[in-house]
Amino acid sequence: MSENENIEDREELLSTKKVTISMGPQHPSAHGVLHLILEMQGEKILRAEPDIGYLHRGTEKIAENLLYHQFTPYTDRLDYMSAMSNNMAYVMAVEKALGIEGDIPDRAEYLRVIVAELARCASHLLGIGAWAVDMGALTAFLYCIREREMCLDLFEMISGARMTCSYMRVGGVRYDADQKFFDKVRDFVRILPEKLDEYNKLLTGNRIWIQRNRDIGAISAEDAINFGFTGPNLRASGVPWDIRKDTPYSVYDRFDFDVPVGEKGDCFDRYLLRMAEMRQSLRIIEQALDSMPDGPIAVDIPDVVPPAKDAIYDNMENLIHHFKYVSSGFTVPEGEVYSAIEGPKGILGVYILSDGTEKPYRLKLRVPSFVNLQVMDFLSKETYMADVVAILSSLDPVFGECDK
Amino acid sequence: MTELTNILPSMATVLQVIMIAVKCVIIAGIVMNLPIILVWLERKVAGHIQQRPGPMRIGPHGLLQSVADGIKLIFKEDIIPSKADKIVFIIAPVIALIPAMTVFVTIPFGDSIMIPYINQEVTLYIADFNVAILFILAVGGISVYGFMLGGWASNSKYALLGSIRAAAQMISYEVAFSFAAIGVVMMTNSLSLVDIVHAQDGWFTNWNILYLPVGPVWFCIFFVAALAELNRIPFDMSEDEGSLAAGYQVEYSGMKFSLFALAEYSAMVSISVLCVIFFFGGWNAPIPGIPIVPPVLWLIGKTFVFIYFFMVIRFTLPRYRYDQLMTIGWKVLIPLSLVMILITGLMRILL
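Note that the coordinates shown come from a computational prediction; the quantities given were computed from them, not determined experimentally.

1. A short note on the overall build of chain A
A count of helices and strands for chain A gives 17 helices and eight strands. In terms of overall dimensions, chain A is globule-like: its C-alpha atoms have a radius of gyration of 24 Å, near the 22 Å expected for 404 residues. Projecting the C-alpha coordinates of chain A onto the three principal axes gives extents of approximately 100 × 45 × 35 Å. Each of the 404 residues in chain A was classed as buried or not, and the buried ones make up 58%. Expressed as a percentage of contacts within chain A between residues at least 6 apart in sequence, the contacts between residues at least 24 apart total 71%. In chain A, 44 positive and 63 negative side-chain charges are present, and the distance between their average locations comes to 3 Å.

Below is the structure:
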């Protein structure tokens, strides 16, 4: 009897305890400032709870106090890996509210498409690179960064800024592109496929990379839809939902491109899908370059678009016009609009409720990183701690966007 | 007077002791300072693999970079977490370092040379144990205590997970590592490293790597197990910065942190030397008739090839997951080495 008691005591002594670990917000693979509360039994994950908000800046509230055109730079800081796409989502929503979405000159639309697709490449490159470094492949990361650098150089050429571009404005784009820029873009279109093959050699066929990602964090198409997945993460589960194709905006209906889909919806499919998407983006860029029309780069509506900077120095009327634009902006008719684009991370939607003044009454952003992140607990259950890193990287959240 | 001479050791013995002391100091000096070069080399290799120059600022081609880093680490604030087990926390890096250095006692860098003026023959190793392999395995196994205690004493969950991983990984791979050493012993009929090298004298066809068909397989087992023993990518579970930040050394800073790094680099050097001694003929030239290059240089050259190889691997491969690592250890390497022992044994008996 006493022996049994002793054994029971011992078992209690030896029983393992659940450990709660705070992964982040200061953690090398927290992808910014994600605080992931992991409940673990040894290395097994019992629960993963994302705790967000460390980068909350009240972007939506800020918008209510800014003129419509003043808010564009704030969108740069949403998904700071692809400022161009965010610009596009916002200006398209305002244009829709103004009712001028059909009047945007073709050249502006083409330039928008080119830079937005470049932003998609930059975002996917960094996504894959950061993922690789979380899995320990530092070299793949630096290779990806090298090509992303080319994208950023292109952004610098066209907008003067590398990451926070603010290139687009309501009614068009801010600066025209010259032949030098187009040549550089062509170089990029030519070079990137070779480099993608290089990553293929480093990662796709790599046994360790496959073992770390295949069948990890698999999500069925039905679950993916129910969780509100969009973008590459949804398509990796086999749902061909790409609003560039299904509800075309801008001039995407003029281009010929495929929507790659995955099969299993696991991390490896999400990786392959991003690789395939970059190639499709390059196809779009190439077609846009080939059929680049001439013409103005912004609508000819003086209320919305100020005169060019060099025209205001020697012309009083232009100076007044410019002053009027920057100080009081333009009014947007009463009503509500929702407009969305296919961002690199998923559908980026902008909802604007206007009360007829120069500032939005309410602005709501539908950000893919936030929506995608809620699946963390569902996918991480019963996996190992190292898998959580793979799953998080494969969802590719950016916390500027998630925390807004 | 005669009594005194009986008590006093003879001149030869005194000389012998002095020789050993001098050799110890020289080897300790080399091993302690080698990481300075190796860190620079590793960063240069990383840089060139990743198409960037690597360290370039301090000294020609950044040669003095690791000296600068060392000085910085010495002067850095030495933080001990308030809830840490202070004594264990302090001695853990030392426990990790000492075994990694002690291994060099048995390593032969060459056979022996004559020193001209004192007409004394000097062996190029500190000691030729007849159980050198056992000594290396035993002493090398102790260093895991450093990683374990360091992680435990830090009183941090990340460090604890790191040290659990380190312990499990090292114990698992110690088995495969020892089996590979047994393979070498079976191929060369000796536990002494000097005899192991002498068994591979002559042409490069005598090297253990070419002891067909088992030699290459033994080498692969040894090399993979060594990678795991070294805690390097693809097996660096215990300091997996992807999930554990820095693993067992997450709370260490300053000189204690660099002692861990020193231990790792010393281990890398000793494992590389062992690779050469076990499988690539030690200090033997591939073709016997090359007298111009002294044997020591052959050993150093071959060792650096392996060190370079370890570095290239680190910057090429991603890392395995903890359970996958265990699977490789227990389900692949150990059964494979058991089969290889059988085959090698049969070869020894029948051939």
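2. A short note on the environment of V276 of chain B
All names here are of chain B. Structurally, V276 can be placed in helix α9 (residues 254–279). Sequence separation between V276 and W298 is 22 residues, and the spatial gap between their C-alpha atoms is 9.8 Å. If we ignore the near neighbours within four places in the chain, the residues touching V276 are G281, G282, L299, K302, T303 and F306.

3. Overview of unusual backbone geometry
In the Ramachandran plot, S250 of chain A falls in the positive-phi region, its phi being about 50 degrees despite a non-glycine side chain. Relative to the assigned elements, S250 of chain A resides in the loop between α11 (243–246) and α12 (267–290). Look at N231 of chain B: it is not a glycine, yet its phi comes out positive at around 60 degrees. By the element assignment, N231 of chain B lies in the loop between α8 (214–229) and α9.

4. Quick look at the domain arrangement of chain A
Residues and elements named next belong to chain A. Considered domain by domain, chain A is made up of domain 1 (3–50) and domain 2 (59–403). If you average the C-alpha positions of domain 1 and of domain 2, the two centres end up 37 Å apart. Contact with domain 1, which involves 18 residues of that partner, is made by 18 residues of domain 2. Counting each side, the surface lost to burial between domain 1 and domain 2 is near 1,700 Å², with a carbon and sulfur contribution of 67%. Sorting the residues of domain 1 by area buried against domain 2 places H31, K44 and I45 first, and these three jointly supply 37% of that buried surface. Linking domain 1 to domain 2 there are zero salt bridges.

5. Details of helix α10 (residues 295–314) of chain B
All names here are of chain B. End to end, α10 covers 29 Å across 20 residues, agreeing with the expected 28 Å (1.5 Å per residue, within 8%). Among the residues of α10, L299, K302, T303, F306, I307, F310, M311 and I313 are the ones counted as buried. On its buried face, α10 sits against α2 (11–49), α8 and α9.

6. Some words on the interface of chain B and chain A
The partner chain A presents 34 residues to the 25 residues of chain B that form the contact. For the pairing of chain B and chain A, the buried interface totals around 2,500 Å² over both sides, and the portion due to carbon and sulfur atoms is 57%. The largest contributions to the chain B side of the interface with chain A come from Y158, P318 and R321 of chain B, which together make up 24% of the buried area. Our count for the contact surface shared by chain B and chain A stands at two salt bridges. The salt bridge involving E43 of chain A is made with R165 of chain B; its shortest N-O contact spans 2.7 Å. At the boundary of chain B and chain A, one finds twelve residue pairs in polar contact (both at pLDDT 80 or more). At the level of elements, α6 (157–188) and α11 (322–350) of chain B are the ones that each hand at least two residues to the side of chain B that touches chain A. Of all the elements, α6 of chain B adds the most residues to the side of chain B that touches chain A, at four residues.

7. Focus on the sheet that holds strand β8 (residues 360–366) of chain A
Residues and elements named next belong to chain A. Ordered by their spatial adjacency, three strands build an open sheet running β6-β7-β8, and the pairing between neighbours is antiparallel. A single partner strand is all that each edge strand has here, and the edge strands are β6 (335–342) and β8. With direction set aside, neighbouring strand axes in the sheet form an average angle of 15 degrees. For strand β7 (residues 347–354) and β8, the ladder comprises six bridges, and the chain directions are antiparallel. Within β8, the residue paired with G349 across the bridge is R366. Strands β6, β7 and β8 of the sheet are contacted by helix α4 (residues 83–98), whose axis makes an angle of about 150 degrees with β6.

8. Considerations on the layout of surface pockets
Residue and element names in this part refer to chain B. Considered as a void within the structure, the largest pocket measures approximately 1,300 Å³ in volume. As for the largest pocket, its lining consists of 42 residues, and the residues nearest its centre are V39, L73, F257, A261 and Y265. Elements with a minimum of two residues in the lining of the largest pocket: α2, α3 (65–75) and α9. Residues of the lining of the largest pocket, tallied by class, amount to 22 nonpolar, eight polar and twelve charged.

9. Let's talk about the side chain of D134 of chain A
Tracing the chain through its elements places D134 of chain A in helix α5 (residues 106–134). Here D134 of chain A sits buried without a salt bridge, and the closest side chain of opposite charge, R319 of chain B, lies 7.3 Å off (N-O distance). Here S393 of chain A takes part through its side chain, which lies 2.9 Å from a polar atom of the side chain of D134 of chain A.

10. Here's the deal with empty space enclosed by the protein
Residue and element names in this part refer to chain B. Applying the stated criterion across every chain, the model contains four cavities of 30 Å³ or more. The calculated volume of the largest cavity comes to roughly 270 Å³. What lines the largest cavity is a set of 22 residues, and nearest its centre among them are G140, S143, E229, A267 and I271. Elements with a contribution of two residues or more to the lining of the largest cavity: α4 (86–102), α5 (132–153), α6 and α9. Along the lines of polarity and charge, the residues of the lining of the largest cavity split into 14 nonpolar, five polar and three charged.

11. Topic: the environment of Y167 of chain A
Residue and element names in this part refer to chain A. Along the chain, Y167 falls in the loop between α6 (138–159) and β4 (168–169). A residue is classified by how much of its surface remains accessible, and Y167, at 0% relative accessible area, is buried. For the pair formed by Y167 and M88, sequence separation is 79 residues and the distance between their alpha carbons is 8.9 Å. The contact partners of Y167, leaving out residues within four places of it in the chain, are M84, N87, L111, V115, I158, S159, V173, R174 and Y175. Among the polar contacts made by the side chain of Y167, one reaches the main-chain carbonyl oxygen of Y175 at a distance of 2.7 Å.

12. A few points about α8 of chain B
All names here are of chain B. In this model, α8 (16 residues) spans 22 Å end to end at C-alpha, consistent with the 22 Å of a helix rising 1.5 Å per residue. Burial within α8 is extensive, with twelve of its 16 residues counted as buried. V214, G215, W218, F219, I221, F222, F223, A225, A226, L227, A228 and E229 are the residues of α8 that are buried. Taken together, the buried residues of α8 touch α6, α9, α10 and α11. A positive backbone phi angle near 60 degrees is found at N231, which sits one or two residues after α8.

13. Structural notes on a nonpolar patch on the surface
Residue and element names in this part refer to chain B. A cluster of nonpolar side chains, contributed by I36, I37, I58, L63, L64, V67, I71, I74, F75 and M255, occupies part of the molecular surface with about 890 Å² of accessible area. Elements that contribute at least two residues to the nonpolar patch include exactly α2 and α3. Broken down by element, the residue count for the nonpolar patch peaks at four residues, all from α3. Position of L63 relative to the elements: it lies in the loop between α2 and α3.

14. Quick look at the packing of aromatic side chains
The tally for this structure, following the rule as stated, stands at 33 aromatic pairs over all chains. Taking 5.9 Å as the distance between ring centres and 5 degrees as the angle between the ring planes, the aromatic pair formed by F71 of chain A and Y74 of chain A counts as stacked. Given the relative accessible area of 34%, Y74 of chain A is considered partly exposed. Here the aromatic rings of Y173 of chain B and F235 of chain B are separated by 5.8 Å at their centres, their planes lie at 40 degrees, and the arrangement is tilted. Here Y173 of chain B, found in helix α6, pairs with F235 of chain B, found in the loop between α8 and α9; they are 62 residues apart in sequence, far enough to count as distant.

What counts as what
- Per chain, the residues get numbers from 1 upward, laid out in the order the sequence is written.
- By the order in which they are written, chains take letters starting at A while ligands take numbers starting at 1.
- With the structure being a predicted model, the display of local features is reserved for residues of pLDDT at least 70 and the display and counting of side-chain atom pairs for 80 or more, all residues being used for whole-chain, interface and lining totals.
- No hydrogens and no water enter the side-chain calculation; it runs on all heavy atoms of the structure.
- Here a helix means four or more residues in a row that DSSP labels H or I, a strand means two or more in a row labelled E, and each is numbered from the N terminus.
- The atom set for the radius of gyration is the C-alpha atoms, and the globule formula is 2.2 Å times the number of residues raised to the power 0.38.
- Burial classes follow relative accessibility: with a 1.4 Å probe on protein chains only, a residue under 20% of its type's maximum area counts as buried, one over 50% as exposed, and anything between as partly exposed.
- Here a residue-residue contact requires only that any non-hydrogen atoms of the pair lie within 4.5 Å.
- Residues scored as positive are Lys and Arg, those scored as negative are Asp and Glu, and His as well as the terminal groups of each chain are ignored.
- By convention, the charge on Lys lies at NZ, on Arg at CZ, on Asp at CG and on Glu at CD.
- Note that domain bounds follow an automatic or database assignment of domains.
- Summed over both partners, buried area is the accessible surface (1.4 Å probe) that two parts give up on being assembled.
- Within this document, salt bridges are pairs made up of a side-chain nitrogen of Lys or Arg and a carboxyl oxygen of Asp or Glu, the two lying within 4 Å of each other.
- A helix is expected to reach a length of 1.5 Å times the quantity of its residues less one.
- As used in this structure description, the phrase polar contact means that two N or O atoms lie within 3.5 Å; if the pair is within protein, one of them must be able to donate a hydrogen and the other to accept it, and residues adjacent in sequence are counted only when both atoms belong to side chains.
- At least two bridges found by DSSP between two strands are what make those strands a pair.
- In this analysis, axes come from line fits to C-alpha atoms, helices being fitted only over the stretch in contact, and the angle between any two N-to-C directions falls in the range 0 to 180 degrees.
- Buriedness of a pocket was judged along seven lines, with at least five required to meet protein on both sides within 12 Å; pockets are open sets of points on a 1 Å grid over the protein atoms alone, cavities are sets where a 1.4 Å probe fits but cannot get out, and lining residues have an atom within 4 Å of a point.
- Grid points are joined across faces, edges and corners, and a volume is the space filled by probe spheres set on the points.
- Gly is placed with the polar residues, together with every amino acid not listed as nonpolar (Ala, Val, Leu, Ile, Met, Phe, Trp, Tyr, Cys and Pro) or charged (Asp, Glu, Lys and Arg).
- To count toward a patch, a residue needs a relative accessible area above 30% and no salt bridge. Like charges then connect within 9 Å, nonpolar side chains (Val, Leu, Ile, Met, Phe, Trp, Tyr) within 5 Å.
- Surface accessibility follows the Shrake-Rupley procedure with a 1.4 Å probe radius. Residue values consider only the protein chains on display as shielding.
- What counts as a ring pair is set by centres within 6.5 Å for rings of Phe, Tyr and Trp (its six-membered ring), and what kind of pair is set by the plane angle: stacked under 30 degrees, edge-to-face over 60, tilted for all other angles.

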